[in-house]
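# Secondary and tertiary structure notes
Letter by letter, the chains look like this.
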Amino acid sequence: MKKLIYRLIISALFFVSGFIAEGEVLKWILFLISYVLAGGDVVKRAIRNIFRGNVFDENFLMAIASIGAFLINEAPEGVAVMLFYQVGEAFQAYAVGESRKSIANLMNIRPDYANVKVGEELVKKDPDDVMVGDIIVIKPGEKVPLDGKVTEGVSLLDTSALTGESVPREVIAGSDILSGFINVNGLITVEVTKEFGESTVSKILDLVENASSKKSKSERFITKFARYYTPAVVIIAAILAIVPPLIIEGEIFKDWIYRSLSFLVVSCPCALVISVPLSFFGGIGGSSKKGILVKGSNYLEALAQAETVVFDKTGTLTKGVFNVREVNAKDISEDELLKYAAYAENYSNHPISLSLKRAYNKEIVNDIIKDVEEIPGHGVSAVVGGKKILAGNEKLMVKENIGFSKENISGTVVHVAIDGDYAGYILIADEVKEDSAAAIKKLKELKIKQTIMLTGDNKQIGEETAKELGIDKVYTELLPVDKVEKIEEIIYNNKGKVAYVGDGINDAPVLARADIGIAMGGLGSDAAIEAADIVIMTDEPSKIATAINISKKTLRIATQNIVFAIGIKAFILLLSAAGYASMWAAVFADVGVTFIAVLNSFRALNVKNI
Amino acid sequence: MKKKIILEGLDCANCAAKIENDINKLTGVESASINLMTTKLTIEAEDDKMQDVIETARKIVNKYEPDVIFKTA
């Protein structure tokens, strides 16, 4: 690469001196030297490829165009064609190299070794050779090589390579830990739970490496276009060189050969063919910087055209964790009500009991709890500090003949009675994620026509959540199978693309059925990574808007490149056929367009302000 | 079966498209795709024809891009 650049610089110097020099012969010699330096290898390759049966390649076309120019005594044009063609090629190679570097940065998450504990010693092993159940030690600054569970130590982990999240995550003994994180400050001991091939880092690397094999329509269009474009231009060039001088009186061959050579200069489709995949690659790379993994440019393209976004509720828009939301006490303080409920439910491990204990958040003195009796399907009765506590649902209150006001609220309600008197209720519900409402709002700003929510929850809870978040439509009480049917119905009724956002745990078939399946919080969930087309590594629904923004920008850039490159080339072709454009203009159309299109495609990688 | 081949030094998108196109036409090939960014050629072909396909693919690559190194893993 460097050698080529030096050679081109020297060639350019000879080229310039060819203009300054006096005397036809000297000029000619300088131009020839410049030509050989710049394009000697192109001509050589052209000849070699003819013998390999690969006639109409770029080398051949450029060789013909430039040699032709020399023959009709237009040496400067001949050199310019070759020199700038090579500069364009070098620039393309540079551009591809830069893009590769950006992916290489992502690939940096690949761990090189794992410190495996063998007896009392630490042995450095290839992550591939580590088995499930092995104990590994991760020192500060090291990458987490395999998925596992922390058994000892406290540390902060940098998750930004996977999630785009800049705030480090704290881990303690018992925390799950994923490969691809970087250990920041503490020494931690981890029990391996997945072998390397199954670990998060392997899955993600695999996904990224295969990302651009799935090609978008624009990419397929452009390679198809290139296949017909070159032969077509070459044929027209041949006709242009021969036919008009023969049939039109007074026209001479030299003029028409000049025009036809200009044709050959723009016959190379490289600018187009490289700039479109580069744009998509930039878009995919940019997304991954934000913790959004896109499995192929076709999905990025589809997402840009999405008109309907369908959400799963639990775990996607809500946290999927039950929490006390409201304490409604009668005659006693809220704290006290919570205390009695938590005490009565102390021996249960039901998610509802756990949420009560979490909300109470004080130590529970076991000694004062007596006569605990669970009443299946109703609740619990216990004596706490000498008082008879009943905690449970409506049925329990009815059964025990306790007067209570029936509340029309959504969520799970725990009623509490103390010594036979109604004391109030505690509302427990799944919480909406902090940025869910903002996410829906952003989608609307992005001209998403319809937002829909699918949920297995009951009508009241579902509709209230949808209203709270500003979702247009909601379908409730759906079984997983119903969800597939619903998504098919939605796809059938909507012309635009339909994206489905789920957590990937029990809705894999729905993810697969939607035009674009987006899995949320994909980190660590294999099912999600496999079933989805786009994986959002964090838990934030607002990332969907980010992904759509990136996809729209990428598609815009790709389209600009296609229109711009084809437009300029067609324009120059017309002008040169009519004899208005010089070969210099043709050289610009070829190399200049490459430069501009490639630089434009680099913009796709920049996602700072999205 | 699927096979991955690294095409070291490949940086021409148009050539990649031509190579991909030609390999896709070979008998026994179910699909072939080149990822220009990772310079990986992935071929999916019938098991018993794989060996032949790879040999022909090597020739095709050599025809369009003689400077590219064909590396089977």
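Here, residues in each chain are numbered from 1, in the same order as that chain's written sequence. Each chain gets a letter, beginning with A, and each ligand a number, beginning with 1, in the order they are written. Only residues with pLDDT of at least 70 get local features here, since the model is predicted, and only at 80 or more are side-chain atom pairs given and counted; chain-wide, interface and lining totals rely on the full set of residues.

An unreviewed UniProt entry lists chain B under the name Cation transporter, from Sedimentibacter hydroxybenzoicus DSM 7310.

Under an unreviewed UniProt entry, the name given to chain A is Cd(2+)-exporting ATPase, and the source organism is Sedimentibacter hydroxybenzoicus DSM 7310. UniProt positions are given in the numbering used here, feature names are shortened, and annotations may be inferred rather than shown by experiment. Heading Catalytic activity (unreviewed entry) of the UniProt record for chain A holds this comment: "Cd(2+)(in) + ATP + H2O = Cd(2+)(out) + ADP + phosphate + H(+)".

### What to know about the overall build of chain B
Within chain B, the regular secondary structure consists of two helices and four strands. Along its sequence from the N terminus, chain B presents helices and strands in the succession β-α-β-β-α-β. For chain B, whose C-alpha radius of gyration is 11 Å, the value lies close to the compact-globule estimate of 11 Å for 73 residues. Taken along the three principal axes of its C-alpha coordinates, chain B extends 30 × 20 × 15 Å. By the criteria applied, helices consist of DSSP H or I runs no shorter than four residues and strands consist of E runs no shorter than two, each listed in order from the N terminus. Computation of the radius of gyration draws on C-alpha atoms alone. For the globule rule, the value is 2.2 Å times the number of residues to the power 0.38.

### A word on the overall build of chain A
Secondary structure assignment for chain A yields 21 helices and 22 strands. Computed over the C-alpha atoms, the radius of gyration of chain A is 34 Å, more than 25% above the 25 Å expected from 2.2 N^0.38 for a compact globule of 610 residues. Counting only C-alpha atoms, chain A reaches 115 × 65 × 40 Å along its principal axes. Taken over 610 residues, chain A has a buried fraction of 48%. Across chain A, the fraction of contacts at a sequence separation of at least 24, relative to all contacts at a separation of at least 6, is 64%. Counting other C-beta atoms within 10 Å of its own, a residue is labelled buried from 20 upward, exposed at 12 or fewer, and partly exposed in the gap between, with every C-beta atom placed from the backbone. Residues are defined as contacting one another if the C-beta atoms placed from their backbone atoms lie within 7 Å.

### Details of helix α9 (residues 270–289) of chain A
Residues that lie three or four places apart on an α-helix share one face, since the helix turns once every 3.6 residues. All names here are of chain A. The span one expects for a helix is its residue count, reduced by one, times 1.5 Å. With 20 residues, α9 should cover 28 Å at 1.5 Å per step; its first-to-last C-alpha distance of 28 Å lies within 8% of that length. Most of α9 is tucked away: 19 of the 20 residues are buried. Immediately downstream of α9, the backbone of Gly291 shows phi near 80°, a positive value.

### Focus on the nonpolar core
All names here are of chain A. A set of buried Ala, Val, Leu, Ile, Met, Phe, Trp, Tyr and Cys residues, joined through C-beta atoms within 7 Å, is what we mean by a nonpolar core. If you look at the biggest cluster of nonpolar residues, it comprises 166 residues, and the most contacted ones within it are Val81, Leu303, Val310, Ala499, Tyr500, Ile518 and Ile534. When residues in this core are grouped by element, the largest group, 12 residues, is from helix α20 (residues 543–578). Residues in contact with Leu303, not counting those within four places in the same chain, are Ala499, Ile516, Ile534, Ala547, Ile548 and Ser551. The next biggest cluster of nonpolar side chains, apart from the first, holds 29 residues, and it includes Phe322, Val327, Ala382 and Met397.

### Points about the domain arrangement of chain A
The domains assigned to chain A are domain 1 (131–194) and domain 2 (320–431). For the purposes of this description, domain bounds are those given by an automatic or database domain assignment. Each of domain 1 of chain A and domain 2 of chain A has a C-alpha centre, and the two are 39 Å apart.

### Some thoughts on the pairing of strand β9 (residues 188–192) of chain A
Residue and element names in this part refer to chain A. Residue alternation in β9 divides its side chains into a buried set, Ile188, Val190 and Val192, and an unburied set, Thr189 and Glu191. Should DSSP find at least two bridges between two strands, the strands are taken to pair. As paired elements, strand β3 (residues 135–138) and β9 share four bridges and run antiparallel to each other. Residue Ile135 lies in a different strand from β9, and its bridge partner there is Glu191. Where strand β4 (residues 148–152) and β9 come together, four bridges link them in antiparallel fashion.

### Examining the interface of chain A and chain B
Often, the extent of an interface is quoted as the loss of accessible area upon association of its parts. With 21 residues of chain A in contact, the opposing surface of chain B contributes 14 residues. Among the elements of the structure, α4 (75–107), α7 (217–247) and α9 of chain A are those that each provide at least two residues to the side of chain A that touches chain B. The element that contributes the greatest number of residues to the side of chain A that touches chain B is α4 of chain A, accounting for six residues. Asp, Glu, Lys and Arg are counted as charged, while Ala, Val, Leu, Ile, Met, Phe, Trp, Tyr, Cys and Pro are counted as nonpolar; the rest, among them Gly, fall into the polar class. In the side of chain A that touches chain B, the residues fall into 10 nonpolar, seven polar and four charged.

### Digging into the UniProt feature "transmembrane region" (unreviewed entry) in chain A
All names here are of chain A. The UniProt entry lists residues 228–248, 260–281, 562–581 and 587–605 under the feature "transmembrane region" (unreviewed entry), expressed in the numbering used here. For residues 228–248, the end-to-end C-alpha separation is 29 Å, with 95% helix and 0% strand making up the annotated structure. As a span, residues 587–605 carries 84% helix and 0% strand, and end to end its C-alpha atoms are 28 Å apart.

### Structural notes on the sheet that holds strand β5 (residues 155–158) of chain A
Ordered by their spatial adjacency, three strands build an open sheet running β6-β5-β8 (chain A), and the pairing between neighbours is antiparallel. Here the strands that pair on one side only, and so sit at the sheet edges, are β6 (169–171) and β8 (182–183) of chain A.

### Some words on the UniProt feature "domain: HMA" (unreviewed entry) in chain B
The feature "domain: HMA" (unreviewed entry), as annotated in UniProt, sits at residues 1–69 of chain B in this numbering. Secondary structure content for residues 1–69 of chain B is 39% helix and 30% strand, while the C-alpha to C-alpha distance between its ends is 23 Å.

### Focus: the sheet that holds strand β1 (residues 114–118) of chain A
Residues and elements named next belong to chain A. Pairing is antiparallel in the open sheet, where six strands are placed in the order β2-β1-β3-β9-β4-β7. What marks the edges here is a single partner per strand, and that holds for β2 (121–125) and β7 (176–177). Examined bridge by bridge, β4 and β7 share two bridges and lie antiparallel to one another. By the bridge assignment for β7, Gly148 is matched with Ile177.

### A short note on the confidence of the model for chain B
Confidence scores per residue from the predictor, reported as pLDDT, run from 0 to 100. Looking at chain B as a whole, its pLDDT mean stands at 86, while 99% of the residues score no less than 70. Per-residue pLDDT, averaged within each element of chain B, yields its smallest value for strand β4 (residues 69–72) of chain B (86) and its largest for helix α2 (residues 50–64) of chain B (89).

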